[in-house]
Amino acid sequence: MKRSILIAIVVVIVIVIIGAAVAVVLLTAPPRTLKIDLWYNSTEHYGPTEPAVAQVLKSSLEATGKLTVNLRSEPWTTYTDDFGNQRLPFFLLGWYPDYFDSDDYVSPFLSTSGAASLGSGYNDSQMNTWLAQEAASTDDTVRAGIFQQIQNKLATDVPYIPLWQNPSDVEYSNTVSDVFLHPVSVKWFVMNKTGATAITGGTTDSITSMDPASAYDYFSIEMINQLFDTLLVYDTQATTLVPGLATVVPTVANGGISTDGMTFTYHLRPNVKFADGTDFNSTVMKWSIDRAIKLNIPGSAAFLLYDVGALGRSQANGNNTPVGAITTPDPATIVFHLSRPVGFFNGLMAFSVSAPVSMKAYNNTGQQLDAVGKVVGTGPYNLTSYTPSQQVIMTANPNYYQPGLYAARGIPRIPVLNQVTLTLSYTAQTLKQAIETHAIDVAYRSLLPADILDLKNRATSLNLKVDIGTNPRIRYLVFNVHTAPFNDVRLRQAIAYAVDRQVINTTVFGGLSVPIYSMVPAAMPYSLPVFQTVYGSSPNLAQAKSLLAQLGYFMSPGILIARDRE
Amino acid sequence: MATETKSRSSSEITWESLLGPHTFFGRILNPMIRKRRTLAGAMTWIGLFLLIAFVLIAFLAPLFTLAGLLRDPEQALCGSDYHYCFVGETRLVNQAPGGLALMGTDYLGRDIFSRVLFGTRTSLEIMSIGVFLALLIGFPVGLYSGYTGGRLDRVFVLVMDSIYAFPSLLLAAIIAVILGKGVFNIGIAITVIYVPLYFRVTRNHTLSIKQETYVEAARALGAKPWTVMWSYIAYNVIVAIPVIFALSAADAILTAAGLSYLGYGIERPTPDWGLDLSDAQTFSNAMWWTTLFPGVMIVLLTVGLSFLGEGLNDLVNPLLKKERM
Amino acid sequence: MAKRSSLLAYTLSRLLLALPMLFILLTAVFVVLRILPGDPITALYGGRAPPDVVADARARYGLDKPYWDQYVIYIRQVLTLNFGTSLTDPYRGKGILDTIVQKLPGTIELSIGAMAVATTVGVLAGLVGGVNRDKPIDVAARLYGTVIFAIPIFWLGLMFQLVFGVQLHLLPTSQRFSLTPPTQVTGLLTIDSILAGSWPNFVDAIRHLVLPCLTLGLYLSGFFTKTVRANLLLTVESDYAEAAKARGVRWRSIVYRYAFRNALIPVITVLGLQFAILFSGAVITERTFAWDGIGTLLLNSINSKDYPMIQGTIVVYAFIIILVSMVIDIINGLIDPRVRY
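It should be emphasised that the depicted structure is a prediction, and the values quoted were computed from it without experimental measurement.

Student: For the nonpolar core, give the residues involved together with the corresponding values.
Tutor: Ranked by internal contacts, the top residues of the largest apolar core, which has 330 residues, are Phe336(A) and Ile495(A). The dominant element in this core, judged by the number of residues it contributes, is helix 4 (residues 112-148) of chain B, at 13 residues. Beyond its immediate chain neighbours, meaning those up to four positions away, Phe336(A) contacts Leu231(A), Met262(A), Thr263(A), Phe264(A), Tyr266(A), Ile289(A), Leu311(A), Ala325(A), Ile326(A), Phe345(A) and Met349(A). Judged by nonpolar contacts, the second largest core, of 14 residues, contains Leu447(A), Leu455(A), Val466(A) and Leu512(A).

Structure (structure tokens):
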């Protein structure tokens with residue numbers, strides 16, 4: 001064959017192939033759609049279910065036929081850095097409250113500073129005014145009215161779309177009773193087991209620190225709540241505050257809170273001793289709060305005291321609270337003088353960071369070691385054994401000052417059981433195996449939704465009980481309202497019409513999650529299901545499509561040209 | 001002067017000029033055909049067959065989906081007839097293999113059979129980018145370094161050996177974390193791992209061939225360095241390349257799957273074997289079909305490439321020792 | 001005598017050479033980490049704290065200083081064997097070396113078990129194949145060597161978990177222990193159980209070790225198979241074997257007395273070469289089986305950008321690799337009369 005003929009044949013074949021490829025590409029190209037990126041966290045900060053949620057959301061949004069969603073994921077460290085600097089246009093996020101007031105479900109998102117650090121950049125002066133008003137007010141009716149306005153505006157401006165709340169769950173042997181799924185922490189010291197003085201538990205978590213000045217993750221706080229006490233504590237099941245180390249919950253009515261909301265007075269119980277025998281009094285209380293603030297351990301909740309709680313941190317005073325911020329008129333009274341009104345300060349006094357520590361055992365120059373004999377609090381349990389990432393054993397504190405704390409709830413004395421042994425760092429699979437085989441009495445955090453359902457269905461035959469309750473954490477979508485194309489409120493509203501909370505619930509969480517229609521979850525006061533009212537509880541694709549069509553992106557084939565809004 | 005016989009001028013291309021015993025393809029195909037009954041020969045043919053099969057799957061899968069013969073790997077299935085889901089329908093999650101879904105469905109209700117076939121595209125894309133780029137960089141650099149010698153050679157050897165000594169998966173993971181997810185980025189990570197291998201093999205062969213008398217003769221006759229390098233040395237070294245190509249391709253598939261399994265590789269919901277295995281472990285733990293099928297595909301493709309590489313090694317390398325210009 | 005002193009010289013020179021290598025590695029890792037996107041300090045607070053609190057935390061860790069200053073401070077610390085403290089949960093505030101030392105026994109147990117499996121299976125397959133050259137069993141051994149390398153480690157692990165754990169319920173599928181572990185002496189659960197005299201704990205530790213060691217071991221055995229087989233063939237076809245055969249020594253004798261021993265010598269070398277592969281393999285195996293070892297520690301700290309932890313872990317591992325390969329070289333020198341230093 002001549003070379004030229006061969007070359008000609010090869011060229012023809014190549015052209016045919018290219019032509020076929022082009023035809024295939026053109027034929028399979030989707031109709032003209034708007035391409036958006038949806039970001040999510042890939043390293044299990046919210047659990048292993050996150051990729052499933054992202055993919056389901058992608059399908060729901062693409063069901064409009066006018067959106068193409070590109071999933072992007074990052075590890076948590078990069079994710080926080082990116083959204084904190086407002087680099088992510090559209091992403092999934094979650095929020096766990098630090099204190100139980102509806103304010104902690106609106107201020108962090110809708111105030112200018114809060115919205116900036118959470119990545120949406122939402123900035124509305126009217127909203128800021130309302131937030132300041134409700135935070136300063138203690139009148140229920142007034143607050144309810146303001147919250148209504150806040151939530152309505154949330155639904156029309158749509159900087160966030162609230163999606164769902166995960167359930168919290170606990171699985172335990174049917175010989176165990178008085179297991180309460182409390183939003184803040186489960187109280188091991190009220191649990192009872194027939195014919196036993198000890199109980200065993202398992203969790204997938206591990207403990208970061210048992211120093212109140214350091215801990216800011218769920219399980220460490222849980223441990224601290226068994227070993228330490230705070231001025232105020234939570235009721236067994238509800239989020240109402242009851243007296244702990246203080247004798248009475250301060251209110252405006254009983255004079256504990258000043259009328260301007262800036263002074264909080266607590267009367268302390270007498271004759272309370274730490275596990276090492278030292279006394280608890282107002283001096284120790286002040287020292288402990290100052291210690292947390294002075295150390296300001298990176299990653300700790302100290303800023304809740306000096307920043308959110310308006311106690312202040314003074315370099316002139318050795319990085320403690322400023323002189324006069326905390327006063328101790330007598331050993332049984334402590335007074336907090338805040339720099340501005342903080343309506344939920346009582347809630348902060350129930351947070352683990354406010355737990356008093358023994359001045360003898362602790363110093364204010366560094367974080368305390370997590371070791372037996374070093375973890376000294378006034379709580380119902382004492383630490384008697386700790387192997388990091390493996391096991392922790394707590395034994396009853398024989399000198400507990402208030403065994404009858406929950407007598408009104410039918411628990412005559414705490415701690416009920418003498419010893420609690422917790423095995424840490426299970427995986428979701430091995431935790432399920434352990435509770436199935438009764439290797440442990442109680443399993444708490446975190447099983448996979450499918451496993452929770454499976455155990456629930458077989459509970460009677462397995463001699464287990466499975467309790468499911470809501471978790472105060474909310475999950476939601478965030479829009480960066482300054483980045484195109486999300487700066488157009490119609491796109492945000494269209495997405496709000498298109499999201500399908502039910503399919504997330506059935507596909508990912510086995511029906512166990514709770515759809516939410518406001519950033520303030522239904523269990524909190526003043527909550528209104530505004531997203532349901534405005535956008536409906538199932539996807540409204542017709543509305544979504546019409547809004548998307550209005551956006552004018554679909555004029556030219558294949559090329560997206562943003563049209564000026566008329 | 002008129003010639004009687006029709007001369008075979010150099011402008012004519014015959015089968016022999018493409019596949020004859022002195023050409024690149026010829027030197028590989030001839031041993032394959034002659035020794036096809038040996039283990040090495042059989043391995044080579046099996047490997048080639050598997051590779052071609054996978055390449056065909058990669059190209060044909062989207063066309064089959066277009067024609068409706070294969071399901072879309074990213075669409076969930078619903079209902080007793082396994083149709084694509086509408087809004088409000090419950091997905092058929094984690095269904096066992098059966099008549100309507102040959103390999104069952106995964107944790108989001110998608111057809112595993114189509115995901116497994118489409119996964120071929122992702123793997124082959126990453127592998128091709130990685131290995132071709134590694135060849136493009138490693139071969140010339142190894143050739144030049146081996147031929148020239150001297151300080152430059154020592155520097156290259158030091159750099160390449162350090163990369164080679166570092167655990168490959170870790171290196172790839174670090175590069176993947178820096179570059180981010182995506183087919184091209186992972187391809188680059190793979191390239192970085194395999195450049196030293198191509199460099200080494202090329203350089204070693206270059207060094208041994210450099211000593212041959214005919215090379216010395218060519219240089220004595222005044223051939224320019226580039227001519228010597230390409231026409232004499234490269235011509236002989238290149239026969240070793242398909243072996244390394246196949247073996248590094250096999251390893252690249254495994255590395256890419258490993259990266260995806262660890263979470264550094266491909267963004268969801270693109271079908272990818274390693275990623276699907278990782279999700280299967282998390283969401284479909286007791287469902288054997290979610291784990292078995294993607295893994296079998298990885299094994300088949302890797303075995304095919306390994307057989308190809310090892311078979312060629314046994315066939316071609318003895319040749320390399322005896323090769324003459 | 002000459003050999004001993006040259007061996008000593010060799011050991012010393014290797015150790016001395018190791019130090020600059022480690023230094024370069026540390027620098028490289030430091031640089032790479034600063035290039036990596038993401039910030040562990042922002043992640044600590046996750047958007048909950050105001051920016052000044054975050055900035056304060058960053059300053060406390062010295063992460064707001066210019067990179068060169070950070071580097072100098074870090075190198076100075078390392079020279080006093082202070083690798084710093086962890087930046088992120090769950091080891092926040094704990095010493096790096098302490099954490100590494102805690103997690104190391106897990107990987108050591110896994111590696112030793114895997115190596116045991118790998119050498120046993122690999123050498124056996126290689127010997128059996130080599131002795132019966134070109135017979136079907138040899139073909140099977142050669143194919144085994146090739147195919148086992150083609151199987152991804154994590155898939156092998158997953159299949160083992162499915163078969164032995166989920167379907168047959170014979171063996172546990174993850175983690176190092178189910179019962180409360182014995183008091184920690186060495187960190188190796190098997191040894192600690194023996195020291196504590198607890199048989200149930202020993203059995204528990206072994207049961208948990210079976211699947212991961214089998215997975216990693218089988219994967220590594222392929223290399224042993226090929227090398228041992230090749231060496232066996234070389235030995236069997238060598239001159240002295242022929243001479244022995246000519247003298248009338250029985251074939252079996254030749255194989256068992258000469259060939260096997262000589263074929264096994266390179267196994268030590270292979271062990272040394274395998275270490276880098278062992279490391280990669282261990283990381284994946286640990287992830288598959290949720291094994292509490294250095295691999296899991298490294299992966300988690302890469303994800304959480306715990307700079308001191310990543311730097312410390314890589315340096316410790318590199319040091320171990322260098323140490324092990326040096327020890328193996330020395331052993332090799334001692335048993336192989338042909339090696340001279």
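Student: Talk me through the sheet that holds strand 11 (residues 326-330) of chain A; I want residue IDs and the actual numbers.
Tutor: Residues and elements named next belong to chain A. Strand order in the open sheet formed by three strands is 10-12-11, with antiparallel pairing between adjacent strands. Two strands close off the open sheet at either side, each with one partner strand: strand 10 (263-267) and strand 11. Taking each pair of neighbouring strands and ignoring which way they run, the sheet shows an average axis angle of 20°. Direction of pairing for strand 11 relative to strand 12 (residues 333-337): antiparallel, over a ladder of three bridges. Bridge pairing in strand 12 places Asp330 opposite Thr333. Taken strand by strand, helix 9 (residues 282-295) contacts strand 11 and strand 12, and its axis lies near 170° from that of strand 11.

Student: Run through the packing of helix 7 (residues 183-210) of chain B against helix 10 (residues 241-262) of chain B, naming residues and quoting values.
Tutor: Residues and elements named next belong to chain B. The contact between helix 7 and helix 10 brings their axes to 10 Å, and the two run at 150°. Our classification of the angle between helix 7 and helix 10 gives roughly antiparallel. As helix 7 packs across helix 10, the resulting crossing turns out to be right-handed. Touching Ile186, Ile190, Ile193, Tyr194, Leu197, Tyr198, Val201 and Thr202 of helix 7 are Ile241, Ile244, Phe245, Ser248, Asp251, Ala252, Thr255, Ala256 and Leu259, all from helix 10. Across the contact of helix 7 with helix 10, the residue classes tally to 13 nonpolar, three polar and one charged.

Student: How would you explain the interface of chain A and chain C if you had to name every residue and give the values?
Tutor: Reports of interface size often rely on the accessible area that becomes lost once the parts have come together. Contacts between chain A and chain C engage 42 residues on the former and 35 residues on the latter. It is Thr77(A), Thr208(A) and Pro298(A) that lose the most area in chain A upon contact with chain C, and together they represent 21% of the buried surface on that side. Across the chain A-chain C interface, the total number found is zero salt bridges. Summed over the shared surface of chain A and chain C, the number is ten residue pairs in polar contact (both at pLDDT 80 or more). Elements with a minimum of two residues in the side of chain A that touches chain C: helix 3 (76-84), helix 10 (302-308) and helix 12 (428-436) of chain A.

Student: Describe the packing of helix 4 of chain B against helix 10 of chain B, listing the residues and the values that go with them.
Tutor: All names here are of chain B. Direction vectors running N to C along helix 4 and helix 10 enclose 135°, while the axes themselves pass 9 Å from each other. Compared by their axis directions, helix 4 and helix 10 come out oblique. Between helix 4 and helix 10 lies a crossing of right-handed hand. Counted together, Ser123, Ile126, Met127, Val131, Phe132, Leu135 and Phe139 of helix 4 and Ile241, Phe245, Ser248, Ala249, Ala252, Ile253 and Ala256 of helix 10 form the full contact between these two elements. Here the contact of helix 4 with helix 10 is built from residues that sort into twelve nonpolar, two polar and no charged.

Student: A description of the state of the cysteines should follow, citing residues and the corresponding values.
Tutor: Residues and elements named next belong to chain B. Under the criterion given, the structure shown has one disulfide over all chains. Two residues share a disulfide in this structure: Cys78 and Cys85, whose sulfurs sit 1.9 Å from each other. Its torsion about the S-S bond being 95°, the disulfide of Cys78 and Cys85 is classed as right-handed. Here Cys78 falls in the buried class, since its relative accessible area comes to 0%.

Student: Would you mind going over the interface of chain A and chain B in detail, with residue names and values included?
Tutor: With 27 residues of chain A at the contact, the number on the chain B side is 22 residues. On the surface where chain A and chain B come into contact, there are zero salt bridges. One can count seven residue pairs in polar contact (both at pLDDT 80 or more) joining chain A with chain B. Secondary-structure elements contributing two or more residues to the side of chain A that touches chain B are helix 1 (3-28), helix 2 (50-62), strand 2 (67-74) and helix 16 (501-509) of chain A. Ranked by residue count, the leading element in the side of chain A that touches chain B is helix 2 of chain A, at six residues. Tallied by class, the residues present in the side of chain A that touches chain B amount to 15 nonpolar, eight polar and four charged.

Student: Any details on a nonpolar patch on the surface? Residues and values, ideally.
Tutor: Residues and elements named next belong to chain B. Taken together, Ile52, Val55, Leu56, Phe59, Leu60, Leu63, Phe64, Leu66 and Leu69 make up a surface patch of nonpolar side chains, about 840 Å² in accessible area. Mapped onto the elements, Leu63 comes out in helix 3 (residues 39-66). For Leu63, a relative accessible area of 34% gives the class partly exposed.

Student: Mind laying out the pattern of salt bridges, listing which residues take part and the relevant values?
Tutor: All chains considered together, the criterion is met by 33 salt bridges over all chains. With a shortest N-O distance of 2.8 Å, Asp82(A) and Arg87(A) are connected by a salt bridge. A residue is classified by how much of its surface remains accessible, and Arg87(A), at 47% relative accessible area, is partly exposed. Across the pair Glu310(B) and Lys226(C) runs a salt bridge, and its minimum N-O distance is 3.0 Å.

Student: Tell me what's going on with the pairing of strand 15 (residues 419-423) of chain A, and back it up with residues and numbers.
Tutor: All names here are of chain A. Most of strand 15 sits out of view: four of its five residues are buried. Bridging between strand 7 (residues 198-202) and strand 15 involves five bridges; their strand directions are parallel. Residue Ile199 lies in a different strand from strand 15, and its bridge partner there is Val420. Here strand 14 (residues 391-396) runs beside strand 15; their pairing, made up of five bridges, is antiparallel. Its bridge partner being in strand 15, Met394 is matched across the sheet by Val420.

Student: Requested: an account of helix 4 (residues 67-79) of chain C, with residues and values cited.
Tutor: Residues and elements named next belong to chain C. Under the 1.5 Å per step criterion, the end-to-end length of helix 4 is 18 Å for 13 residues, consistent within 8% with the ideal 18 Å. Burial in helix 4 covers these residues: Gln70, Tyr71, Tyr74, Ile75 and Val78. Angular distribution of buried residues about the axis of helix 4 spans 130°; they occupy a single face of the element. The exposed residues of helix 4 that point more than 90 degrees off its buried face are Trp68, Arg76 and Leu79. Note on helix 4: the residue one or two positions beyond its end, Leu81, has a positive phi of about 60°.

What counts as what
- Residues numbered from 1 in each chain as written.
- Chains lettered and ligands numbered in written order.
- Predicted model: local features only at pLDDT ≥ 70, side-chain atom pairs only at ≥ 80, totals over all residues.
- Heavy atoms only, no water.
- Core = buried A, V, L, I, M, F, W, Y, C linked by side-chain atoms within 4.5 Å.
- Buried < 20%, exposed > 50% of the residue type's maximum accessible area, 1.4 Å probe, protein only.
- Helix = DSSP H or I, 4+ residues; strand = E, 2+ residues; numbered from the N terminus.
- Contact = heavy atoms within 4.5 Å.
- Pairing = 2+ DSSP bridges.
- Axes fitted to C-alpha atoms, helices over the stretch in contact; angles between N-to-C directions.
- Parallel < 35°, antiparallel > 145°, perpendicular 65-115°, else oblique.
- Left-handed = near helix turned anticlockwise from the far one by under 90°.
- Nonpolar A, V, L, I, M, F, W, Y, C, P; charged D, E, K, R; others polar.
- Buried area = accessible area lost by both parts, 1.4 Å probe.
- Salt bridge = Lys/Arg side-chain N within 4 Å of Asp/Glu carboxyl O.
- Polar contact = N/O pair within 3.5 Å; in protein donor to acceptor, adjacent residues only side chain to side chain.
- Disulfide = S-S within 2.5 Å.
- Patch = residues over 30% accessible without salt bridge, like charges linked within 9 Å, V, L, I, M, F, W, Y side chains within 5 Å.
- Areas by Shrake-Rupley, 256 points an atom, 1.4 Å probe, with all protein chains shown as cover.
- Expected span 1.5 Å × (residues − 1).
- Arc of directions from axis to C-beta.

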